[in-house]
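Structure at a glance
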Amino acid sequence: MRVTQAVRQRLEVRGRVQGVGFRPFVYTLAASEALSGFVGNDERGVFIEVEGPPPRVARFVERLSAEAPPLSRIHDLACADVALRGEPGFHILKSTRAQAAEVEIAPDANTCPACLRELLDKGDRRAGYPFINCTHCGPRYTIVLDRPYDRAVTTMASFPMCAACQAEYDDPHDRRFHAQPNACPRCGPRVWLSDPQGRELAGAPFAQVQARLLAGEIIAIKGLGGFHLACRAEDDEAVRRLRARKGRAARPFALMVPDVDAAHRLVKLTPQDQALLESVARPILLCPRREGAAISPAVAPSTDRLGLMLPYTPLHHLLFQGAALGPLVMTSANPNAEPLCVDNDEALSRLAGLADALLLHDRPIARGVDDSVILGGPDALPIRRARGYVPEPLWLSLKSPAPILALGGELKSTLCLLRGHEAILSEHLGTLSNPAALRNFLGRVADWPRFFEIEPAYLAVDLHPGYASTRHAAKLDRPIIKVQHHHAHLAACLAEHGLEGPAIGLIADGTGYGTDGQIWGGEILLGDLARFDRIGSLYPFTLQGGDAAAYDPWRPAAALLLAALGEIPEGSLPVPSALATRLMTREALQTTSLGRLFDGVASILGICSKNRFEAEAAMALEALAVAAPQAPALPWALIEAEGQRRIDWRPTVRALVASTAPLEIKAAGFHAALAAAFAEAAARTAAASGVGLVVLSGGCFINTPFRSGVRASLEAQGLRVLTHQRVPTGDGGLALGQAVVAAARLSAGLR
Ligand code: ZN
Ligand code: ZN
Ligand code: FE
């Protein structure tokens, strides 16, 4: 008799492994390798025992990671040999339902190919059903009210499953086994069309929406994390009406296109861009617009880019089925800076004057979550991190000695919870100077620690005494760790790359509070997660007018001209020179803001006299520069004074004023000068310190010719350059930076 060699291994899998079809996957995998054993859930993840011939057990372990279900994420896999049991077959153990604390909730995910097939299959029982989903796809974070993740604590609780859905839910071999949002037309949510007064309109809702869009109407659409306002992007009259109704003069609108071919017709996409566009997160991707793209010029009047996304819920897929709508404008339905509209009554009252009809449904939204935004291109850069990414944790190399809640900045605010190696960054929560956004933010501050069962021992905040987030922290009765704004930018970028420094931080930012009480922005830092030194900055200039300086590019322009030329030439600004001179010589803050330098130069070139939305002037300047890629750099200088390395833009401004070259050449020459100066400042700092790692962070690095210029020059000198890949390069990333700086300081005993 031949004795078969067998081994038995126990595996413990940690990460996002519940509610994502992991156990059925393990079952199928074990069956395909003809192994016996079992799989089950516990409060920390999934445990597995497999028994069989060693090569097949080894192959099982290998395939477990390689072929895991699309929404799962394995952070840790522990294997150990255990005693043989010789049981027949492989079983899925019933879950004890005591699961919780450390099991992750997945972000919302685009409709999977299997569900999409069923959606469009006339014979399927869910054909045309806008809420089809399975364990590989569908809503998650936007429907979860509490944890552990179970239907009873989602906004699906009020929809008891019919017998057919329940059978799928209970069958370990089904794609919908424990799919918490499982539903069908018989038992699940429904969609209907409403007039602005809340009266349901008769007829097939999708066919009506399509007909109304084709007739030029504006429709409010309740989606996953909020409401959009939609109209056809080719319909110039409709787009202009939408702008007028929303009171939004120029800020670009995002578009939804039915498929990737339609995207290719509007913008230039690299293969990497296309992969991002089609990823399960389905972000809005900003890409260079194709000449002659067939859309209304009012969609994005002051930029050469378009923001595009693909349909990401079955409801959105159905919008485009069977009608030639072309691209749709899909803009958040909330007025600028206000939190998203999430419920039907609120939408009816807030959107009544904006939309001609509303496509509503009765699945409540647990919390408003915006579309995420990524700048496409070879080094794609996150701009807004929300739907599809939150609440996926980032795993850090450092381990925090205590749980920390970081409250972020003031603009593009986010929160970050840090526990051990795990950092959970919240969705974009907007601008806290808006009272409704602040209320929403404070709600999240109260709710998040409870939701994740992480009780913060410390709070981390920005150094700025005036930020609403900083002021609120003082009321929370926890020890507070204050973090300088640009140090937080540097730390956020290091942390997301799993690094702790030291590094040179080239920070290209609008404004942030400095340790000297002045307004910093374009900075050269040297430091690690715990500490930093300011090595240098832009040459400072006068910041006159407070907040108005960000809206009126002529204000920084006046300061630049006065510093560079000693006078403000008559006719160079939209205000009289004498008035501007008088203003600039008053007592005022000094700033090294790169954002204001861009604004000022745009004003000096006469291309933008008013920022109608954030960074409009800088975007217009960038669009000009892109048109003249070969233009030579204008003069610039680095000056070493008072122990600081200053990037001197005064020669650049003088050259701009004297030049008679076309605008494109001047704009490009300015960008090239700035990139060369920042790169040289970093290179000198690298040579002096021996640190060869350069981190690029801050909102102004969204500017592509500037960012690529700096990167190319530093890499040519053999330096390693990091940009953001997972968290926003702007203030949306600050909370992560604050949290890791606080953790590193606590570890180092610094506080
Ligand atoms: Zn699916
Ligand atoms: Zn059902
Ligand atoms: Fe910033």
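Residue indices follow the written sequence of each chain, beginning from 1 at its first position. Here the convention is simple: chains get letters from A, ligands get numbers from 1, in the order in which they are written. Where totals are concerned, whole chains, interfaces and linings use all residues; where local detail is concerned, this predicted model gives features only for residues with pLDDT of at least 70, and gives and counts side-chain atom pairs only at 80 or more. Based on all heavy atoms of the structure, the side-chain values leave hydrogens and waters out of the count.

A run of H or I in DSSP counts as a helix once it spans at least four residues, and a run of E counts as a strand once it spans at least two, with each numbered from the N terminus. Counting secondary structure elements, the protein chain contains 22 helices and 31 strands. Over its C-alpha trace the protein chain gives a radius of gyration of 27 Å, about what one expects of a compact globule, namely 27 Å for 751 residues. Seen along its three principal axes, the alpha-carbon backbone of the protein chain occupies a region of about 95 × 65 × 50 Å. When accessible area is computed with a 1.4 Å probe and restricted to protein chains, residues below 20% of their type maximum are described as buried, those above 50% as exposed, and intermediate ones as partly exposed. Within the protein chain, the proportion of its 751 residues that are buried is 60%. In the form shown here, the protein chain has an accessible surface area of approximately 27600 Å², with 53% of it arising from carbon and sulfur atoms. When charges are counted, Lys and Arg are positive and Asp and Glu negative, with His and the chain ends excluded. By convention, the charge on Lys lies at NZ, on Arg at CZ, on Asp at CG and on Glu at CD. The averaged location of the 77 negative side-chain charges in the protein chain is 1 Å from the averaged location of its 78 positive side-chain charges. With C-alpha atoms as the basis for the radius of gyration, the globule rule is written as 2.2 Å multiplied by the number of residues raised to the power 0.38. For the area figures, the Shrake-Rupley method with a 1.4 Å probe applies, and any residue is considered shielded solely by the protein chains shown.

Now for the coordination of the iron ion (ligand 3). In this listing, donors mean N, O and S atoms no farther than 2.8 Å from the metal, or 3.2 Å for Na, K and Ca; water is missing from the atoms, so a site can look incomplete. Ligation of the iron ion (ligand 3) by protein atoms is provided by His-485 (NE2), His-489 (NE2), Asp-509 (OD), Asp-509 (OD) and Asp-731 (OD), these donors lying 2.1 to 2.7 Å from the ion. For the iron ion (ligand 3), all donor residues lie on one chain, and their spacing in sequence is H-x3-H-x19-D-x221-D. With a gap of 242 residues between them, His-489 in helix 13 (residues 485–496) and Asp-731 in the loop between strand 31 (720–722) and helix 22 (734–747) connect regions that are remote in the sequence. The pair formed by His-489 and Asp-731 is uniform in burial state, with each residue classed as buried.

Next up on the list: the coordination of the zinc ion (ligand 1). Four donors placed tetrahedrally about a metal ideally form angles of 109.5 degrees, and six donors placed octahedrally ideally form angles of 90 or 180 degrees. The coordination sphere of the zinc ion (ligand 1), as far as protein atoms go, consists of Cys-112 (SG), Cys-115 (SG), Cys-134 (SG) and Cys-137 (SG), spread over 2.3 Å. Linear spacing of the donor residues for the zinc ion (ligand 1) on their chain is C-x2-C-x18-C-x2-C. Judged on exposure class, the residue Cys-134 and its partner Cys-137 are both buried.

Attention now goes to the packing of helix 18 (residues 616–626) against helix 20 (residues 663–689). Across the interface, helix 18 lies against helix 20 with an axial gap of 7 Å and an inter-helix angle of 105°. With respect to their mutual orientation, helix 18 and helix 20 come out roughly perpendicular. Here Leu-621, Glu-622, Leu-624 and Ala-625 of helix 18 lie close against helix 20, whose contacting residues are Leu-663, Glu-664, Ala-667, Ala-668, Phe-670 and His-671. We call Asp, Glu, Lys and Arg charged. Ala, Val, Leu, Ile, Met, Phe, Trp, Tyr, Cys and Pro are nonpolar, and the rest, Gly among them, are polar. Among the residues making up the contact of helix 18 with helix 20, the classes are represented as seven nonpolar, one polar and two charged. Note on method: axes are straight lines fitted to C-alpha atoms, helices fitted across the in-contact stretch only, with angles between N-to-C directions ranging 0 to 180 degrees. For this classification, under 35 degrees means roughly parallel, over 145 means roughly antiparallel, 65 to 115 means roughly perpendicular, and everything else is oblique. Residues are treated as being in contact if the distance between any of their heavy atoms lies within 4.5 Å.

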